[in-house]
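Summary of the model geometry
Residues per chain are reported as follows:
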Amino acid sequence: MKILFLSTFSIFLLSAFDPANSSAHYDKILSHSRIRAREQGPNVCALQQVMGTKKKYFSTCRNWYQGTICGKKATVLYECCPGYMKMDGMRGCPAVAPIDHVYGTLGIVGATSTQRYSDMSKLREEIEGRGSFTFFSPSNEAWELLDREIHSNLIDNVNIELYNALHNHMVNKRMLTKDLKNGLTLVSMYNDQQLLINHYPNGVVTVNCARIIHGNQIATNGVVHVIDRVLTPVGNTIQEFLEAEDDVSSLRAAAITSGVLDTLGKPGHYTLFAPTNEAFEKLPRGVLERIMGDKVASEALMKFHILNTLQCSEAILGGAVYETLEGSTIEVGCDGESLTVNGVKMTNRKDIVTSNGVIHLIDHVLIPNSAKQVIELAGDQQTTFTDLLAQLGLTSSLRPEGQYTLLAPLNGAFSDDTLRMDLRLLKLIMQNHILKVKIGLNELYNGQKVETLGGKRLRIFVYRTAVCIENSCMVRGSKEGRNGVIHIFRQIIKPAEKSLREVLKNDKRFSIFLNLVKDADLDDVLSQPGEWTLFVPTNEAFKGLTDEEKEILRSDKNALRTILLYHLTKGIYIGSGFEPGVTNILKTIQGSKLFLKTVNDTLLVNEVKSKESDLMATNGVIHVIDKLLYPVDVPVGNELLLTILNKMIKYIQIKFVHGSRFQEIPLTFFTSKFKVKPNIKVIEGSLQPITRKEGTRLIEGEPESKLFREGETITKVIHGEPIIETYTKIIDGHPVEVTEKKVTEERIIQGPEIQYTRITAGGRGDTEENLKKLLEEDTAVRRPKPPKKAQGTPRRRTRLVHP
């Protein structure tokens, strides 16, 4: 009864006077195990045991609900929690385990082999006496797993070797699991040997990578923690291990070349995944030589194998991501008894403990992206792209010293028709997926233009959840290598070649819509530079309309413009650039709103499905629909027109308000370029060809007009707003941000050659009649001198007639 009281009182004191107890990971996991087993009675803990082994764990929630540990099925066991015991005829573990000195406690926790070796080595008297000890006792199974030769040496010299080995498991003060902080270094009672403590978030506590499998068994003169292996003395650093081991000579050479070897000799808590010589021999010779010949790449290679934290194998119960010294991450997991790195089983020797970390020998070399050539960054889903680059001779153009960006479509983007193309055409397509400059994902911005190896300029579109180049949007997986970056795309990128109008004109499906655009005087909108998104109904949308009904539709220009401009919005919006399942609201040029969302990779516009998305044009993008769109907030006041609209539009209810009229929509939203042809006829003789220059009609802003007369030359210049365009261009091998200024000006009337540009501001400027008058006035002022008569040559007359 006295022993029972002392045990209960000791546990009370240890828990009551240390509030930090509640924050220790081991104790938290133990508490969870109590909760899981509460139906089994008091003080029962639930454990998981890996099937086919004796390994048992107080599990995290993740392992518990998955029912696996290291990918292996785990069964559930119920045992008394540490410090408690069963009583006959009672549920659970209602009794407190008896408290004894350290020697007696070894028997209580079942560490009978350690108890026996304590007798043999004369350690028993010490651990039964006065003091405050922490004994990390190997389990009986741990002693059985010890190397036979080492075990024999200990037994053959019990007074020195065995005694010292047991002292190496002891610390001269009591340390509960809550006191075993992560990264703590304790000094053992043998020769001041270091004991490296790691306390992991999953509740695992290790001592020189030996896992505590039964902790906090209180003794009158200390505490006993049972561990799963026998500790051996630690002396060398990681650097000293590499210098001494012949099996890692290739890694040692890489460490020396990169300058990383010295780092591994400094104090720290490192984890080194050390490839063996055999692992290096698996690498293609050219790859290894290239990396070893490049100090930056070799340093990245070495640092990619090093973690700045100490990760013992027993603490890894599932996959976890860790940052390497190189800066990128690796996933370390387990598969049964083997460690895995990035999902691949590769360890052949674990937990080589040194004074500044731990080493795991692996049979694969880990190559970080930063040490790879850009073409090597492609994964399994981009093999068609890389194969085509090789077959078309484009791989050789990616020089190691250069800087490139690969825009790699997924394998599924290449149809059979594409792969059967003429090789010359296919090469042009592939060249447009290579940029001559290295541009990372965070360097891309909306409106940016980049130049390809094929000389095309591609437009960048940045949306809330997507980045797109022309018609194709990126998927996750961008990588940066030694000489470039690779971005992954859903589709083959198709640079725009034609304007919106030209795209519509070349496709018979849109003939009715295009004719209506002409009737509404909106042709210039689709022809001139800009950034538009156009939702175009096919001829199918107008099916069933008679010629008379079409004429009625054309007759009211304001109504026609209202309908057509509801299909047009400012800005370029790629279909796959919209966030899936979310309604996106766009304001149209007409003024009302369009509601768009993508469902199962299909674009819906006001719930109307787009039959084909992302037809790219130089001034916008077209999404094809088979129904006419109409703004629900705009009423119709003409019953005849209402009848026609209802005939085409059945998915919404169009409001009718008697007497309502469509408002005029001023064309103040676009800049138009067009040609003006002077009415000049040559009656007889010869005249220099007339050269016409494109100009700009600036709908917004007032132009500035000036008239200059200089000798026989008369020039009228009208200035408009300049257009400024910025894009990235490669000059002498270096990326340069180029800004081009396009000046929209000049009306020139000079000599017999007539050149001029018409510029109109706000829809008011010069009329055709004024232009003619200006030409006549300027011609009258000029009065050119007649040409000299050549000797023996008859004089020819030229008469200009102005109709």
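Above this text sits the structure in question.
Residues numbered from 1 in each chain as written. Predicted model: local features only at pLDDT ≥ 70, side-chain atom pairs only at ≥ 80, totals over all residues. Heavy atoms only, no water.

1. A few points about the packing of aromatic side chains
Using the criterion set out here, one finds four aromatic pairs in the structure. Ring geometry for Y26 and F58: centres 6.4 Å apart, planes at 85 degrees, overall edge-to-face. Within this pair, whereas Y26 is found in helix α2 (residues 25-36), its partner F58 is found in the loop between β2 (56-57) and α3 (61-66), the two being separated by 32 residues in sequence. Judged by relative accessible area, F58 falls into the buried class, the value being 17%. Following the ring pairs from residue to residue traces out a cluster consisting of Y463, Y573 and F578. In this structure, R116 is placed above the aromatic ring of Y117, and the distance from its NZ or CZ to the ring centre is 5.0 Å. Between K570 and the ring centre of W532, over which it is positioned, the NZ or CZ distance is 4.2 Å. (Phe/Tyr/Trp six-rings, centres within 6.5 Å; stacked < 30°, edge-to-face > 60°. Helix = DSSP H or I, 4+ residues; strand = E, 2+ residues; numbered from the N terminus. Buried < 20%, exposed > 50% of the residue type's maximum accessible area, 1.4 Å probe, protein only. Lys NZ or Arg CZ within 6 Å of the ring centre and 35° of its normal.)

2. Some details on the environment of T324
Inspection of the secondary structure puts T324 in the loop between β16 (320-323) and β17 (329-335). Assessed through its relative accessible area of 4%, T324 is described here as buried. The spatial distance from the C-alpha of T324 to the C-alpha of A300 is 9.9 Å, given a sequence separation of 24 residues. Not counting residues up to four positions away in its chain, the partners in contact with T324 are K303, F304, I306, L307 and I330. (Contact = heavy atoms within 4.5 Å.)

3. Overview of the packing of helix α11 (residues 249-258) against helix α14 (residues 295-303)
Between α11 and α14, whose axes approach to 8 Å, the crossing angle comes to 125 degrees. Judged on the interaxial angle alone, α14 and α11 are oblique. Crossing geometry of α11 relative to α14 is assigned as left-handed. On the side of α11, the interface is formed by L251, A254, A255, T257 and S258, while α14 contributes K295, S298, E299 and M302. Residue composition of the contact of α11 with α14, grouped by class: four nonpolar, three polar and two charged. (Axes fitted to C-alpha atoms, helices over the stretch in contact; angles between N-to-C directions. Parallel < 35°, antiparallel > 145°, perpendicular 65-115°, else oblique. Left-handed = near helix turned anticlockwise from the far one by under 90°. Nonpolar A, V, L, I, M, F, W, Y, C, P; charged D, E, K, R; others polar.)

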